[in-house]
Amino acid sequence: MGDMQKTTRSISLPSRLHPNSHKIGAELNKLKTWELSSLSSTTPLGAETIQMGLVRLAELYICVEELIHSPLTQQALHNHHGKLAEEALDLSVELLDACGTARDLFLIMKEHVQELQSALRRRGGDSSIENNINAFICFRKRVKKDVVKSLGALKRLESHIGSFIQLDGDSYLFVVIKVLRELSTITISVFRSLMLFLSRPAMKTSSGWSMMKKLMFLGSIKSETSHNIFNEVGSVDHALYYLHGQIQKNDIKVHVQLARERLETLDDGIKSLEAGLDGLFRCLIQHRVTLLNILTS
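What counts and what doesn't
Residues numbered from 1 in each chain as written. Predicted model: local features only at pLDDT ≥ 70, side-chain atom pairs only at ≥ 80, totals over all residues. Heavy atoms only, no water. Helix = DSSP H or I, 4+ residues; strand = E, 2+ residues; numbered from the N terminus. Buried < 20%, exposed > 50% of the residue type's maximum accessible area, 1.4 Å probe, protein only. Contact = heavy atoms within 4.5 Å. Areas by Shrake-Rupley, 256 points an atom, 1.4 Å probe, with all protein chains shown as cover. Expected span 1.5 Å × (residues − 1). Polar contact = N/O pair within 3.5 Å; in protein donor to acceptor, adjacent residues only side chain to side chain. Core = buried A, V, L, I, M, F, W, Y, C linked by side-chain atoms within 4.5 Å. Salt bridge = Lys/Arg side-chain N within 4 Å of Asp/Glu carboxyl O. Phe/Tyr/Trp six-rings, centres within 6.5 Å; stacked < 30°, edge-to-face > 60°. Lys NZ or Arg CZ within 6 Å of the ring centre and 35° of its normal. pLDDT = per-residue confidence, 0-100. Axes fitted to C-alpha atoms, helices over the stretch in contact; angles between N-to-C directions. Parallel < 35°, antiparallel > 145°, perpendicular 65-115°, else oblique. Left-handed = near helix turned anticlockwise from the far one by under 90°. Nonpolar A, V, L, I, M, F, W, Y, C, P; charged D, E, K, R; others polar.

> An account of the overall build of the protein chain is requested, with residue identities and associated values reported.
When its secondary structure is counted, the protein chain shows ten helices and zero strands. For the protein chain, the N- to C-terminal ordering of α and β elements is α-α-α-α-α-α-α-α-α-α. Expressed as a percentage of the 297 residues in the protein chain, the buried residues total 49%. Taking as baseline every contact in the protein chain between residues at least 6 positions apart, the subset at least 24 positions apart corresponds to 82%. Total accessible area on the protein chain is roughly 14500 Å²; 52% of this is exposed by carbon and sulfur atoms.

This is how it looks when you write it as structure tokens:
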């Protein structure tokens, strides 16, 4: 999720910037602390942690929106020949695309999770269960490719921001632009966490399930250890691995039940992340509209 040596730097905005400048600084610092905690985590981020990042990011966009609507801010951006506003507008388009990609991936993931839930509830023959598990595994492989592509796009966007002309001084305009750049950078970090949530290594069929086999020494599939080393996506993979391995045996009832429970937890997590993404998407649209209005006024 980025450079592990990355450190968080406290941001303090001058009160003359805007009446809610302290709130903007506070929200930015909360997100930077969240980012640092995410980077230093030894376990995959769960839906609840990422949802917290989405909520805080939406709150930050609302605060920044008030700043941009300030007549002083709009005049400063407009007087600078619109170049810096164009920079922010271009970033807003890229971030909207990234948000749309994330929403699409989570929608597809939810549909496949719910389809597998329905299949396990129906409890057809063992061959039917095995086919459904294998279909889910194939889907996970396809998602992984999409995730890699999206992570690459986010990395390029992050590098693009890093190539922007450095702004020295503490003029009103420069401080506003720095805030907008910080906003874009932290948005990329949150989107990256969403992609990594989906990119837990997918299982492989037959003898290729080595990744999961290496985890067998950790104990029972029901143990708390398995919850501590996986997020919701990985927990489903883990449960399905056990279920797949027990299909040829007589009693798979307990394994089917466990897989259903893990799938339900993942489904709930996806729904919460979808809600957070929907709220953030609306903020990104408003952000782009505001910047576009400045350029066309």
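Here the narrative resumes, following the displayed structure.
> Please set out helix H9 (residues 232–246) residue by residue, giving values where relevant.
Taking 1.5 Å of rise per residue, the 15 residues of H9 would be expected to cover 21 Å, and the 22 Å separating its terminal C-alpha atoms lies within 8% of that figure. In terms of residue burial, H9 counts as a mostly covered element, since 14 of its 15 residues are buried. Its side-chain oxygen 3.0 Å from the backbone nitrogen of Val233, Asn231 forms the N-cap of H9.

> Tell me about the nonpolar core, residues and numbers included.
Counting residues in hydrophobic clusters, the biggest one holds 81 residues, and the most contacted among them are Met109, Phe191, Leu194, Phe197 and Leu243. Within the residue set of this core, elements represented by two or more residues are helix H1 (21–40), helix H2 (47–69), helix H3 (71–79), helix H4 (83–122), helix H5 (126–162), helix H6 (172–198), H9 and helix H10 (253–296). Ranked by residues supplied to this core, first place goes to H4 with 16 residues. Apart from the residues lying within four places of it in its own chain, the contact partners of Phe197 are Leu45, Gly46, Ala47, Ile50, Phe106, Asn231, Glu232, Val233, Leu266 and Leu273.

> So what's going on with the pattern of salt bridges? Residues and values would help.
Inspection of every chain in the model, using the stated rule, returns eight salt bridges. Among the ionic pairs, Glu27 bridges to Lys30, the shortest N-O distance being 3.7 Å. Placement of both Glu27 and Lys30 in helix H1 is noted, with a separation of three residues, approximately one turn of the helix. Owing to a relative accessible area of 7%, Glu27 belongs among the buried residues under this scheme. Lys30 gets classed as partly exposed once you look at its relative accessible area, which sits at 39%.

> Tell me what's going on with the packing of aromatic side chains, and back it up with residues and numbers.
On inspection of all chains with the given rule, the structure shows three aromatic pairs. Centroid distance Phe106 to Phe197: 6.0 Å. Interplanar angle 20°. Geometry classified as stacked. Highlighted residues: Phe106 in helix H4 and Phe197 in helix H6, separated in sequence by 91 residues. Each member of the pair, Phe106 together with Phe197, is buried. A cation over a ring is seen here: Arg103 above Phe281, with NZ or CZ 4.2 Å from the ring centre.

> Before we move on, can you summarise the confidence of the model for the protein chain with the specific residues and values?
The predicted model of the protein chain averages 82 in pLDDT, with 79% of residues at 70 or higher. Confidence scores differ between elements of the protein chain, with helix H7 (residues 210–213) showing the lowest mean pLDDT of 48 and H2 the highest of 94. Ignoring residues within four places in sequence, the model shows residues 1–8, a span with pLDDT below 50, making 21 contacts including any to other chains. Throughout residues 202–221 the model reports pLDDT below 50, and contacts reaching past four residues in sequence, or to other chains, amount to 41 contacts.

> Please set out the packing of H2 against H10 residue by residue, giving values where relevant.
For the pair H2 and H10, interaxial distance at closest approach is 9 Å and the crossing angle is 20°. On the basis of their axis angle, the class for H2 and H10 is roughly parallel. Every pair of crossing elements has a handedness; the one defined by H2 and H10 is left-handed. Looking at the contact of H2 with H10 residue by residue, the class counts come to 15 nonpolar, eight polar and one charged.

> An account of the environment of Leu183 is requested, with residue identities and associated values reported.
Within the secondary structure, Leu183 is located in helix H6. As for Leu183 and Leu28, which are separated by 155 residues in sequence, their C-alpha atoms are 7.7 Å apart. Filtering out sequence-adjacent residues up to four positions away, Leu183 remains in contact with Leu57, Leu60, Tyr61, Val64 and His287.

> Can you explain the environment of Thr185? Please cite residues and give values.
Along the polypeptide, Thr185 turns up in helix H6. Given the relative accessible area of 23%, Thr185 is considered partly exposed. Sequence-wise, Thr185 and Leu157 are 28 residues apart; in three dimensions their C-alpha atoms are separated by 8.9 Å.

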